[in-house]
Every structure is written in structure tokens, then in C-alpha cells.
Amino acid sequence: MSPISQLPTSEELVRRADQAAGACGVDLASWRGEHAVGSPINGATLHSLPWATAADVDDVVERARTAFRVWRTVPAPARGALVQRFGRLLEEHEDDLAALISLEVGKITSEARGEVQEMIDICDFAVGLSRQLYGRTMPSERPGHRLMETWHPLGVVGVISAFNFPSAVWSWNTAIALVCGDTVVWKPSELAPLTAAASAALLQRAIGEVGAPADVSQLLIGAPDVGEALVDHTGVALVSATGSTRMGRAVGPRVANRFGRSILELGGNNAAVVAPSADLGLVARGVVFAAAGTAGQRCTTLRRVIAHRSVVDEVVESLSDAYGRLPIGDPMAEGTLVGPLIHGRALGAMTAALDAATDQGGTVVAGGARVLEEQAADAYYVQPAVVRMEQQTEIVTQETFAPILYVLPYDTLEEAIAINNAVPQGLSSSIFTGDQAEAEVFLGPEGSDCGIVNVNIGTSGAEIGGAFGGEKETGGGRESGSDSWHAYMRRATNTVNYSGELPLAQGVDFSV
Ligand code: NAD
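Definitions and limits used
Residues numbered from 1 in each chain as written. Predicted model: local features only at pLDDT ≥ 70, side-chain atom pairs only at ≥ 80, totals over all residues. Heavy atoms only, no water. Salt bridge = Lys/Arg side-chain N within 4 Å of Asp/Glu carboxyl O. Helix = DSSP H or I, 4+ residues; strand = E, 2+ residues; numbered from the N terminus. Buried < 20%, exposed > 50% of the residue type's maximum accessible area, 1.4 Å probe, protein only. Contact = heavy atoms within 4.5 Å. Axes fitted to C-alpha atoms, helices over the stretch in contact; angles between N-to-C directions. Parallel < 35°, antiparallel > 145°, perpendicular 65-115°, else oblique. Left-handed = near helix turned anticlockwise from the far one by under 90°. Pairing = 2+ DSSP bridges. UniProt positions renumbered as here; feature names shortened; annotations may be inferred. Near = heavy atom within 4 Å. Polar contact = N/O pair within 3.5 Å; in protein donor to acceptor, adjacent residues only side chain to side chain. Areas by Shrake-Rupley, 256 points an atom, 1.4 Å probe, with all protein chains shown as cover. Arc of directions from axis to C-beta. Core = buried A, V, L, I, M, F, W, Y, C linked by side-chain atoms within 4.5 Å.

**A few points about the pattern of salt bridges**
Applying the stated criterion to the full structure yields 26 salt bridges. Residue E209 is joined to R85 by a salt bridge in which the shortest nitrogen-to-oxygen separation is 2.4 Å. With E209 in helix α7 (residues 193–210) and R85 in helix α3 (residues 76–92), this pair connects stretches of sequence that are 124 residues apart. On the basis of relative accessible area, E209 is assigned to the partly exposed category, the value being 43%. Judged by relative accessible area, which is 24%, R85 ranks as partly exposed. Each of the salt bridges in this network shares a partner with another, and the network as a whole consists of R85, E92, R205 and E209.

**Focus on the side chain of T242**
The topology assignment puts T242 in strand β8 (residues 236–242). Dropping the residues within four chain positions of it, T242 is found in contact with I160, S161, A162, V169, M247, E265 and E479.

**A look at the packing of helix α10 (residues 280–292) against helix α11 (residues 312–323)**
Two elements in contact, α10 and α11, have axes whose closest approach is 10 Å; the angle formed by their N-to-C orientations is 55°. By the angle between their axes, α10 is oblique relative to α11. The two elements α10 and α11 cross, and the hand of that crossing is right-handed. Listed contacts from α11 to L280, A284, V287, V288, A291 and A292 of α10 are E314, V315, S318, L319, A322 and Y323.

**Some thoughts on the sheet that holds strand β19 (residues 452–455)**
The mixed open sheet is built from seven strands, whose spatial order is β12-β15-β16-β11-β10-β18-β19. Across the chains shown, the open sheet's two edge strands, defined by having one partner strand only, are β12 (363–366) and β19. On average, adjacent strands in this sheet sit at an angle of 25° to one another, irrespective of strand direction. As paired strands, strand β10 (residues 270–274) and strand β11 (residues 302–308) are joined by five bridges and run parallel to one another. Across the sheet, the residue bridging to V274 is A307, located in β11.

**Some details on the sheet that holds strand β9 (residues 261–265)**
Read from one edge to the other, the open sheet built from five strands follows the order β7-β6-β5-β8-β9, with strand pairing classed as parallel. Whereas interior strands pair on both sides, the edge strands pair on one side only; in this sheet they are β7 (217–219) and β9. Along the sheet, successive strands turn relative to each other by an average axial angle of 15°, direction set aside. Two elements, strand β6 (residues 183–187) and β7, share three bridges in a ladder whose sense is parallel.

**Here's the deal with the UniProt feature "domain: Aldehyde dehydrogenase" (unreviewed entry) in the chain**
Look at the UniProt record and you will see "domain: Aldehyde dehydrogenase" (unreviewed entry) annotated at residues 35–491. From the first C-alpha to the last, residues 35–491 spans 42 Å; its make-up is 38% helix and 21% strand.

**Digging into unusual backbone geometry**
Although it is not a glycine, T294 sits at a positive phi angle of roughly 55°. Within the secondary structure, T294 sits in the loop between α10 and β11. For T294, a relative accessible area of 9% puts it in the buried group.

**Let's talk about the site of the ligand**
Close to the ligand lie 28 residues; K187, E190, S244, L266 and E399 are nearest. One of the side-chain nitrogen or oxygen atoms of K187 is found 2.7 Å away from an oxygen atom of the ligand. Take E399: an N or O atom from its side chain is 2.6 Å from an oxygen atom of the ligand. Protein contact buries 90% of the 850 Å² of open area that the ligand shows by itself. Of all the elements in the fold, those that place two or more residues in the shell around the ligand are α8 (224–232) and α9 (245–257). Ranked by residue count, the leading element in the shell around the ligand is α9, at four residues.

**Quick word on the UniProt feature "active site" (unreviewed entry) in the chain**
This chain's UniProt record puts "active site" (unreviewed entry) on E265. Turning to its location among the elements, E265 is positioned in strand β9. E265 sits in the buried class, given a relative accessible area of 4%.

**Things to note about helix α14 (residues 436–443)**
By the burial criterion, the buried members of α14 are E438, A439 and F442. Seen along its axis, α14 keeps its buried residues to an arc of 100°; they face one direction. Summarising the geometry of α14, the exposed residues directed more than 90 degrees from the buried face are Q436 and A437. As for α14, its buried residues are in contact with β10, α13 (413–421), β18 (428–432) and β19. The backbone nitrogen of A437 lies 3.0 Å from a side-chain oxygen of the residue at the head of α14, namely D435.

**Quick notes on the nonpolar core**
In terms of nonpolar packing, the biggest core is built from 144 residues, with L82, V305, Y323 and Y406 touching the most fellow members. Those residues in contact with L82 that lie beyond four places of it in its chain are W71, L178, L203, A206, I207, V210, A212 and V216. Counting 20 residues, the second-largest nonpolar core is a separate cluster that includes V226, V236, A241 and L266.

This is the structure we're talking about:
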């Protein structure tokens, strides 16, 4: 049985929320409305806020467009100075923002701090990038001509974000968009508005200090219909939407229909292959963090272990043992590793998935039960579950956003790769192996079809330096590091003729 902690009182949670928001520059006492902000820690209402409506979107986008006309003319390294200042403010307020993340979405303190650290990291990355928005020069086929590509600011970027990374995903987009010369309108998850308001307030402070136009960053707290209005607005050049595949299926065609650009970061159903040569100690540690961390509520959460038949029993045994020792409870208490699910619907989805898995031939070998109900009826804590399956049935191919880990056997590497790839999603994957040739096959063109492919490490916990995103129903978008910035800029191909003649390309003769 997992160790379980006491939950804090509602008064304590409200006090912490007021204090953390206030420290970031959000005065909750003078900002009240009719929409309750809940905490998954014990079901308490932390505050009540007003929401924007779809009717507000026109005005906000217009202001973002006006700010864009100024911001695009500011030299990129000077734009970087804004992001640099924002990064330093995030460092100063790391604990405050982390507290709000824990209070609103139930992340344990270490992971909430990790989310803020990721925001600081992307700011540092973007500051460097502000001096490296390189174009290419290529040889022209015509004498006395220069051929080159230049990159220019794109316009207004609409950011729609999910509850489980309530601030980091916005910062990935915003830090890059700002140095690229774009302005940003953010529609955060309606489940984490205080984290959003505090993050946006810190950026506003940086904007004021460096003298940038106030409207380069704007916030629209509201329901999905506000997101829809942003998606449909022709003044929004790029929509970067992170959330469920259901949301992406609605957003993608609407943006495409008006010839806008989109970056879609959607659901995952991530797997780790465990080969016979794998270091099983490493597997247990890597798998438990990837599968049970954030209570199974990361897009990169490990949902399937595909273990070689010769080691599958041992893998199941060591995971069951580790799962039995996971401390569950108050995410802000020291030592807790598993916090709450976000809401009762998530618990319902988990219960239904476990029932379906059992119906489809699976056996729940660890966890799966609800805990702490007697302390807080409106909070949803569960023991992360391990389910042994003989094959990949229908339920295993779905993303259930809760801590369920299916363990499946395989006989050949080819079969393991086929199982890894036989799901609609394509976000993250890994292989644990001591055999380099096997690792190379998994990484290669006949290997995993995911956007993230790892060796001897779990599927979650990506660094900001690489491009982040996935294939198939994960949406195909890429954010964060590497060359992802290209999506936030407009490319122009330029031909400069300094020859005094007018030779045409491909030798075309058009003399009159
Ligand atoms: P969700 O799809 O319910 O909501 C995400 C956001 O989209 C919210 O801000 C919501 O208000 C908005 N929204 C919903 N419907 C919309 C519509 N029709 N038009 C415009 N906006 C709309 O997702 P969630 O429950 O907050 O987050 C969990 C999901 O997000 C999981 O599927 C997870 O895998 C995914 N996720 C993906 C990534 C990634 O990078 N691939 C990262 C984090 C989360």
C-alpha cells in the first residue's frame, strides 16, 4: 500500500494562492468575477475570476496587430533584451509560480519548479537566438546576381494551452515569438487562470521596464469559445494550439480554411521497448518517473512498456514493487511523488479504461484504486496502475490522461517496433537496450515513427534545446529549440541583380 499524506485545509490553499499571485503582481482582492478557480489538491475554490468572451477577441487582436507594426521594426537583439529581463524575473519568482502551478493543477513541487526552470531555459535560448535568425545565401545561376533568403516577423501569434503545462508551453511560444518580432495573444487553460495571470504579469513588468509596447503580450482567460474566436480570426497569423487530439481536430481545419498557419501539439500514447540486454535497474527508475510522474498527466507520459518475453515478468514485478512505494497525496508536501488527478472526469476516464482493459484480457497487477476520498470528496487521488496485457487491444491504443501503464510482451525487435508504431499518436518513444545495433534500428528510418525517440531514458522530460512535437494525431507541430523558430517567421527569397543586364532564369529568351 502506498504511503499517503494529509491534505492541507482550504484556508491554507487560498492563503498560498493570494500570496503567490500577489508576489507576481496580481492583486486578487481587486479582481473578482463569477468563474470559480478550483484546486485539485482538496477541491477548494481558490478564487473567482471574470472571463473574457469571444466578443473581446476582435479588440485584443487589433491591439496586438497595432503593437506588431512597432515591434517588428525593433532590432531582434533589442527584442531579446525583453526576453532576457523576463527570464530574470522568472528566476526571482520561481517559487511563486511553482506554487500556483501546484495549487491549480496539482503538480508536485519539484515538477512545478521544473516547469518554471524550463521557462527560464527557453528565455535564455531565445536571447541567444535573437542574434542568430540566420538566412542563407545561395549561388545564383545568373552572372552578377545574388540569391538569398531573409526571415521577417510574421504577425500575431495566438497561443492556446493545456492545463498540464499551464505556463511552460506559453513561454516556449512567447519567448521565441517575441524575439522573432511577433506579438502574442494567449488563451490559457481555463483550469489554470491564476498561473496564467501571474506569468503574464511578470512579462508585463519586463515589458514596462524595457519600454516595449504593452500589447506585445495579451491574455484572454476564458472558455474554449474564446479559443475558437482566436482560431477563426484572420488577424492571427499563427495559431499554436496545445491540447487534446479532439481539440486539434477542431482547430486544424478551421485555421487551414482561412489559410492561416498552425502548430498543433496534441495527445500522445508513448511507449518504451525493453530489450533482453537492458539494464533493468535503469528501466525501473526511468519507467516509474515517466509513467507515474505528474500523475500520468503529461503529453509525454509513458503509457506502454513493450518488454521482451524473456524479461517481461521481471519488469512487471519490479514495477509493481516500485508502484507500491510511491508516496501519494498533497503535491506541495515534501516527499510526495504523486499528486491528484485534475478533476473527477479524469478519474472516470481512468476507471473506464481499467474496466475496458480487464474486459479485453488485461490484468491490473498494481494500483488503480482511488485514495484519500475520505479526506476530500472533491479531490481525485489514485494509485498509479500497472496493467499486464498479452496484446495491444483497442483501449491500449487510446490516450487515457491518467496514470495507467500497460505492459506488453514481444518476441522480435521488428514486432516491438510494429507495436510501438501501431497507435494513432506519434509523440514520444524510447528503447532500453545494451545493444547498439538495436538502438540504431529503433532510431532509424524503419524504427519508431515518433517525433521524440530516445535510448536508455524514458519518454518524458524533454529539454528545450531540441525541437519538441510529434507525428500523426499528435499534430506534426514543432516548438521550442533547434530550428522551430522558422514557424514564427515569414521567409522571403530575394534575388538582387547588380549586373546591369537582364538575363532570365532557365535561359528563357523574352527579348522584344
Ligand atoms: P483540451 O484539449 O481540453 O484543452 C486545451 C486548450 O484548448 C484549452 O485552453 C481549451 O480551452 C482549448 N480548447 C478546447 N477546445 C477548443 C476549440 N474547439 N477551439 C479552440 N480552443 C479549444 O486539453 P487539456 O485537457 O487541457 O490537456 C490535456 C491534453 O493536452 C492531453 O491530450 C495531452 O496529451 C495534450 N497535451 C499535448 C502536449 C504536446 O505538446 N503534444 C502538451 C501538453 C498537453
